[in-house]
Amino acid sequence: MDRLTALLLTLIASGCLPVAYSVCIAAMGMACVLENLNMLTDGLQTLRQIQPTVFYSIQVRMLRLPNNPSGAFLIRAAEFVDKLEIMVFREPEFHILAGTNLSALSVFEAKFLKRLLIGDGDIALKELSVYSCLLDRIPGTIGNLPLLTDLSFYRCAMRNVSLNAFRKNQRLKSLDLSYNEIDTIVPINAADGNVTLAIEYLYLASNRLQNLDMTAFEGLPNLSMLDLQYNNLVKIAADRTITWANMEMFDVSNNQLSTLDFQWLSAPKLKRLIMNNNLLELLPQRLRRFPNLQLIAVSYNKFVGIDLAPLNGLPMLNSLDVSSNPTCRYIRSSRPVRLPMLDTLYAEFCALNRFNTTGIDLPVVSFISLAHNNFSTIPTLGQTFPSIVSFSLFNNPLPCALLNARAELILSGKLILGPPQDASDCPTGSTTIAPSFRLCCKA
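All values derive from a computational prediction rather than experimental measurement. (Residues numbered from 1 in each chain as written. Predicted model: local features only at pLDDT ≥ 70, side-chain atom pairs only at ≥ 80, totals over all residues. Heavy atoms only, no water.)

Re the overall build of the protein chain
Heads up, the condition is: For the purposes of this entry, the term helix denotes a DSSP run of H or I that reaches at least four residues, the term strand denotes a run of E that reaches at least two, and both are numbered from the N terminus. Between the two quantities, the radius of gyration covers C-alpha atoms and the globule rule is 2.2 Å times the number of residues to the power 0.38. Each residue is assigned to one of three classes by its accessible area relative to the maximum for its type, calculated with a 1.4 Å probe on protein chains only: buried under 20%, partly exposed between the two thresholds, exposed over 50%. Two residues qualify as a contact provided that any one of their heavy atoms is within 4.5 Å of a heavy atom in the partner residue.
A tally of regular secondary structure across the protein chain gives 5 helices and 34 strands. Against the compact-globule benchmark of 22 Å for 443 residues, the protein chain has a radius of gyration of 29 Å, which places it well outside the compact range. The principal-axis extent of the C-alpha atoms belonging to the protein chain is close to 85 × 60 × 35 Å. Out of the 443 residues belonging to the protein chain, those deemed buried represent 49%. Partitioning the contacts of the protein chain with sequence separation of at least 6, the portion at a separation of at least 24 is 49%.

Here we look at the sheet that holds strand β25 (residues 330-332)
Formally: Two strands make a pair as long as DSSP finds a minimum of two bridges between them.
Ordered by their spatial adjacency, 3 strands build an open sheet running β23-β25-β28, and the pairing between neighbours is parallel. The open sheet terminates on both sides in strands that have one partner only, identified here as β23 (306-307) and β28 (354-355). As paired elements, β25 and β28 share 2 bridges and run parallel to each other. Considered in β28, the bridge of Tyr330 is made with Arg354.

Examining the packing of aromatic side chains
Put simply, the rule is: Pairing of aromatic side chains requires ring centres within 6.5 Å, counting the rings of Phe and Tyr and the six-membered ring of Trp. Pairs whose planes differ by under 30 degrees are stacked, by over 60 edge-to-face, and all others tilted.
Taken as a whole and judged by the stated rule, the model has 10 aromatic pairs. Aromatic pair Phe250 and Phe262: ring centres 6.3 Å apart, planes at 70°, arrangement edge-to-face. Placement of Phe250 in strand β19 (residues 249-251) and of Phe262 in the loop between β19 and β20 (265-266) is noted, with a sequence separation of 12 residues between them. On the accessibility criterion, Phe250 (1% relative accessible area) is buried. A relative accessible area of 1% places Phe262 in the buried class.

A word on the nonpolar core
Short version of the rule: The criterion is simple. A nonpolar core is a set of buried Ala, Val, Leu, Ile, Met, Phe, Trp, Tyr and Cys residues joined through side-chain atoms within 4.5 Å.
Formed by 129 residues in total, the largest nonpolar core has its most connected members in Phe153 and Phe250. Setting aside anything within four residues of it in sequence, one finds Phe250 in contact with Met214, Leu226, Leu228, Ile236, Phe262, Trp264, Leu265, Leu270, Arg272, Leu273 and Ile274.

Considerations on unusual backbone geometry
One can expect most non-glycine residues to show negative phi and most peptide bonds to be in trans. Positive phi outside glycine occurs at Arg155, with the angle close to 60°. Positive phi outside glycine occurs at Tyr300, with the angle close to 55°. Inspection of the secondary structure assignment puts Tyr300 in the loop between β22 (295-297) and β23.

Overview of the state of the cysteines
Convention followed: We call a pair of cysteine sulfur atoms a disulfide whenever their separation is within 2.5 Å.
Counted according to the given criterion, the structure contains 3 disulfides. Disulfide pairing places Cys133 opposite Cys156 at an S-S distance of 2.1 Å. Residues Cys133 and Cys156 share a disulfide whose torsion about the S-S bond is about 115°; that sign makes it right-handed. On the criterion of sequence distance, the pair formed by Cys133 in the loop between β9 (127-131) and β10 (150-154) and Cys156 in the loop between β10 and β11 (160-162) is long-range, its members being 23 residues apart. For the residue pair Cys133 and Cys156, the accessibility class agrees, reading buried in each case. Paired through a disulfide, Cys400 and Cys441 show a sulfur-sulfur distance of 1.9 Å. Judged by the sign of its S-S torsion, about 90°, the cystine formed by Cys400 and Cys441 is right-handed. With Cys400 in helix α4 (residues 400-405) and Cys441 in the segment after β34 (437-440), this pair connects stretches of sequence that are 41 residues apart.

Structure below.
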């Protein structure tokens with residue numbers, strides 16, 4: 001029979017369990033649910049009776065096998081399905097034998113898994129995911145999967161990762177090693193010659209990286225996205241230029257970086273640079289090396305003020321977020337800056353009381369949010385930036401008299417101060433600028 005698209009297995013146990021004759025129950029998503037499947041007796045017959053033109057997937061609640069639910073079982077399962085998900089796996093070894101004709105395999109809750117052994121031979125796997133395991137290194141036989149395009153070892157026990165392990169996986173595009181214990185990335189050995197990998201998406205979030213030599217990724221010229229969130233990074237640097245011609249997103253959020261110098265990086269297509277929740281006090285220099293940058297995010301850092309000057313020379317920058325810098329008191333530019341495509345600027349939840357627009361040219365900006373700050377005056381954003389549609393000063397200590405004087409600006413929707421309030425919601429005072437339109441303010 002033709003193979004179904006997926007087989008979803010919940011391996012509750014692999015020992016001797018009482019099982020009844022399996023009955024296919026139709027479920028959501030065109031799924032066939034088998035409460036029990038006994039591969040020792042009538043399991044094969046049951047699977048053969050399931051029509052692929054009726055059901056999209058098979059879900060097995062309880063499976064009985066004569067031995068380890070991998071190896072030969074994967075070959076047998078591939079007679080009926082194309083993709084296999086094992087929800088609970090309780091063995092210390094997982095085997096993928098030559099002749100396995102699955103295209104995708106996922107193993108969840110593999111809390112006892114220490115070894116993944118892959119045979120040398122014809123294996124069709126393109127996607128392999130292993131979750132919550134005890135693997136402490138990339139399996140040495142991973143190169144026996146030459147068709148592999150997507151690989152995940154998520155929430156396992158890996159510490160040192162050698163990119164040499166993937167030298168034979170020349171079709172590998174996406175590699176997810178998030179939530180491990182990785183503290184070292186070993187680059188491709190120069191003694192092996194000029195070997196490059198095809199990896200485009202690399203996820204290394206939630207590991208233990210601290211001082212990262214970016215030359216470790218020199219053999220990944222096709223990188224489009226690098227995720228380094230939630231590590232312990234205090235420094236990222238390289239002693240020579242690293243070129244990522246296709247890099248579009250670089251995320252170093254939630255680390256301990258106090259400075260960032262991108263002198264080492266050539267990434268002409270970089271669009272999104274995410275640096276939230278670090279220890280930065282200044283915008284990084286040399287940003288003009290990335291002329292296609294569209295988004296810069298530096299919220300939750302240690303800025304005492306925002307100097308926009310380093311952004312000059314970014315013709316495509318569309319959005320800037322500097323919010324949640326609680327010690328940041330001003331926005332200015334120490335030299336003239338022109339951002340011809342900047343559309344939105346977010347500077348919320350800071351301590352801002354000044355926005356000096358001198359030398360700042362934002363010809364198409366449409367929205368600026370200064371909500372939750374310390375402004376006691378209304379900055380001249382509407383006059384300075386004629387393209388602006390609206391700007392927010394919600395939850396700032398603006399005097400009531402000032403709101404009354406600028407009621408027209410507020411009622412037009414250009415100055416946003418939030419929805420109408422009750423007097424009881426305004427501990428420092430309130431004013432009514434129109435019938436049934438009361439706003440909090442500083443009396």
